[in-house]
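Close look at the chain arrangement
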Amino acid sequence: MSKELTTRAADYSQWYNDLVLKGGLADYSAVRGCMVIKPYGYALWENMRDQLDKMFKETGHENAYFPLFVPKSLFEAEEKNAEGFAKECAIVTHYRLKNDPDNKGKLMVDPDAKLEEELIIRPTSEAIIWNTYKGWIQSYRDLPLLINQWANVVRWEMRTRLFLRTAEFLWQEGHTAHATKEEAVEETERMLDVYATFAEEYMAVPVIRGVKTANERFAGAEDTYCIEALMQDGKALQAGTSHFLGQNFAKAFDVQFSNKENKLEYVWATSWGVSTRLIGALIMAHSDDQGLIMPPKIAPVQVVIVPIYKGEESKAVVDNKVNGIIKELKTLGIRVKYDNSDHARPGWKFAEYELKGVPVRIAMGLRDIENNVAEVARRDTKEKQSMSLDGLPVAVKKLLDEIQVNIFNKALAFRDENIREANSWDEFVQLLDDKAGFISAHWDGTGETEEKIKEQTKATIRCIPLNNKQEEGKCILTGMPSKERVLFARAY
RNA sequence: CGGGAUGUAGCGUAGCCCGGUUAUCGCGCCUGGUUUGGGACCAGGAGGUCGCAAGUUCGAAUCUUGCCAUCCCGACCA
């Protein structure tokens, strides 16, 4: 992206919205704060979902589905969790409409159809799931219970943003139950690792693994682990979380099991989730002014082939040649699209697929066929090269791998350049204003200090990195002693 | 919820200050033709509750009031 755009948040927003809309990922919807995910965007989500799902299953999890509606009494059972989400809940209060006698052709809520107990549209599913687990867990033999759900949730945020914070969004939420604390903590960390691996290896987005401070912790959790990514405007984005829930939900929903000694114990819990917000992360981490840049491993279309021809006759020749290549590409497992539609000219197609971020474009005409070559263009660097048709599919596969690595390395270099140390308050404030990005600094460990820093600079502690180097120092605000640096940033 | 901006065809817009024929232009769309190696060209055509409602007026896209929606900036955001 161009440097000018980073100077103003509003311009960056415009840039981001254009990428989403023109890239064909999503549309604004008729419903406030929601969005329509278009087929291209959904295909991207499906690729991400399929990969994550595979990784969940490899780590022993199974999928299940729980209800959208959570009775209010269940919702409020775990106090902290309920309190944390109370301000952003959509609530079903009635179950019927009727004709409005005062307003012909219009409907009104039937006041006689008021629900005895309101239903909360899930902002997260801990409550309904733990209420269900109560009936599923009796013995240590029922543990661990490792379940994941793919679902939609609703959070009535004041301010929304395509993919990053929509009123309704798609996500997955894992909810596990364990016999011991150690096992639950291990699970929490394992799933954080799955997320980090997915972000880095598939989305090509480098992330920092860490633990949230008490202030930023999930409502109802003992510990919240997270992965934090850096966007191109220097703001941080929480890309995924994994929570160690202790026995909070087990106690709130009375989920106990008999251990081997026939003694009753409360189970230990975890929950973890990533959402369509990851798509927002992907967009903001890689795209440039020409449009989206999709990492090959999850790109809906990995290779697009554009034919160049004059008249039906030459089109048939090119079609014939291309079809052979497509067959080979598909054999190699490559997602390829052949756009030989006649209502757009090659130049238009080139621009269109660049907007959509298709990693590799192959252009082929009679001239190429005569010379036994094709023009191969890569989206990440915009380089074009003529490649021999002999062994082209294998070369393209290699190129896709190269692009995946290159996109990641570029994002990694940007991220690392934008982690800076601040050793005084003045330096901290200066860095925030000049450079954005992450700032590594000492903090006295109190919520009050964290809150003050947030008030004065809008920067929050994104995380305390895992395996953090222990280092004596003084808090940048209070000067109190500190044992380690933490990562600050302004965030989405 | 506070501040700012915007709302005219599928999209982007002119007109509004200073009310007056048939609401401007571009993209897109339809038909026919020529084209096709970086967002083609010619000709013809279709498409409008000017966000909604009320008011002022002989007459409202234009003035007044209210409402609604969207975007941006805040506040909020496991």
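Residues numbered from 1 in each chain as written. Chains lettered and ligands numbered in written order. Predicted model: local features only at pLDDT ≥ 70, side-chain atom pairs only at ≥ 80, totals over all residues.

What about the overall build of chain A?
Broken down by element type, chain A carries 15 helices and 26 strands. Computed over C-alpha atoms, the radius of gyration of chain A comes to 26 Å, within 12% of the 23 Å expected from 2.2 N^0.38 for 492 residues, which places it in the range of a compact globule. Its C-alpha atoms give chain A principal-axis dimensions of roughly 80 × 65 × 60 Å. Looking at chain A as a whole, 41% of its 492 residues qualify as buried. Partitioning the contacts of chain A with sequence separation of at least 6, the portion at a separation of at least 24 is 68%. (Helix = DSSP H or I, 4+ residues; strand = E, 2+ residues; numbered from the N terminus. Rg over C-alpha atoms; globule rule 2.2 N^0.38 Å. Buried ≥ 20, exposed ≤ 12 C-beta atoms within 10 Å, placed from the backbone. Contact = placed C-beta atoms within 7 Å.)

Observations concerning the sheet that holds strand E18 (residues 336–338)
Overall, mixed pairing links the five strands, which are arranged E18-E17-E19-E20-E21 in an open sheet. In this open sheet, the two edge strands, each paired with only one partner strand, are E18 and strand E21 (384–388). Ignoring strand direction, the axes of neighbouring strands in this sheet form an average angle of 25°. With four bridges connecting them, strand E19 (residues 360–365) and strand E20 (residues 373–378) associate as antiparallel partners. (Pairing = 2+ DSSP bridges. Axes fitted to C-alpha atoms, helices over the stretch in contact; angles between N-to-C directions.)

Some details on helix H11 (residues 346–356)
Lys 349, Tyr 353, Glu 354 and Lys 356 are the residues of H11 that are buried. Around the axis of H11, the buried residues are gathered within 160° of arc, so they sit on the same side. Away from its buried face, by an angle of more than 90 degrees, H11 presents the exposed residues Gly 347 and Trp 348. Next to the buried residues of H11 lie helix H3 (39–58), strand E17 (303–308) and E19. Looking one or two residues past H11, Gly 357 carries a phi angle of roughly 80°, positive in sign. (Arc of directions from axis to C-beta.)

Details of the protein's contact with RNA strand B
As a matter of local geometry, RNA strand B sits amid 45 residues, with Met 158, Arg 159, Phe 218, Gly 347 and Gly 365 nearest to it. Of all the secondary structure elements, the ones that give two or more residues to the surface near RNA strand B are helix H2 (9–22), strand E13 (236–246), strand E16 (268–275), H11, E19, helix H12 (366–371) and E20. If one sorts the elements of the surface near RNA strand B by residue count, H11 sits on top with eight residues. A class-by-class count of the residues in the surface near RNA strand B yields 16 nonpolar, 13 polar and 16 charged. (Near = placed C-beta within 6 Å. Nonpolar A, V, L, I, M, F, W, Y, C, P; charged D, E, K, R; others polar.)

Re the environment of Ile 305
The topology assignment puts Ile 305 in strand E17. Each C-alpha atom of the pair Ile 305 and Val 360 lies 8.6 Å from the other, and the pair is 55 residues apart in sequence.

Geometry only, nothing functional implied.
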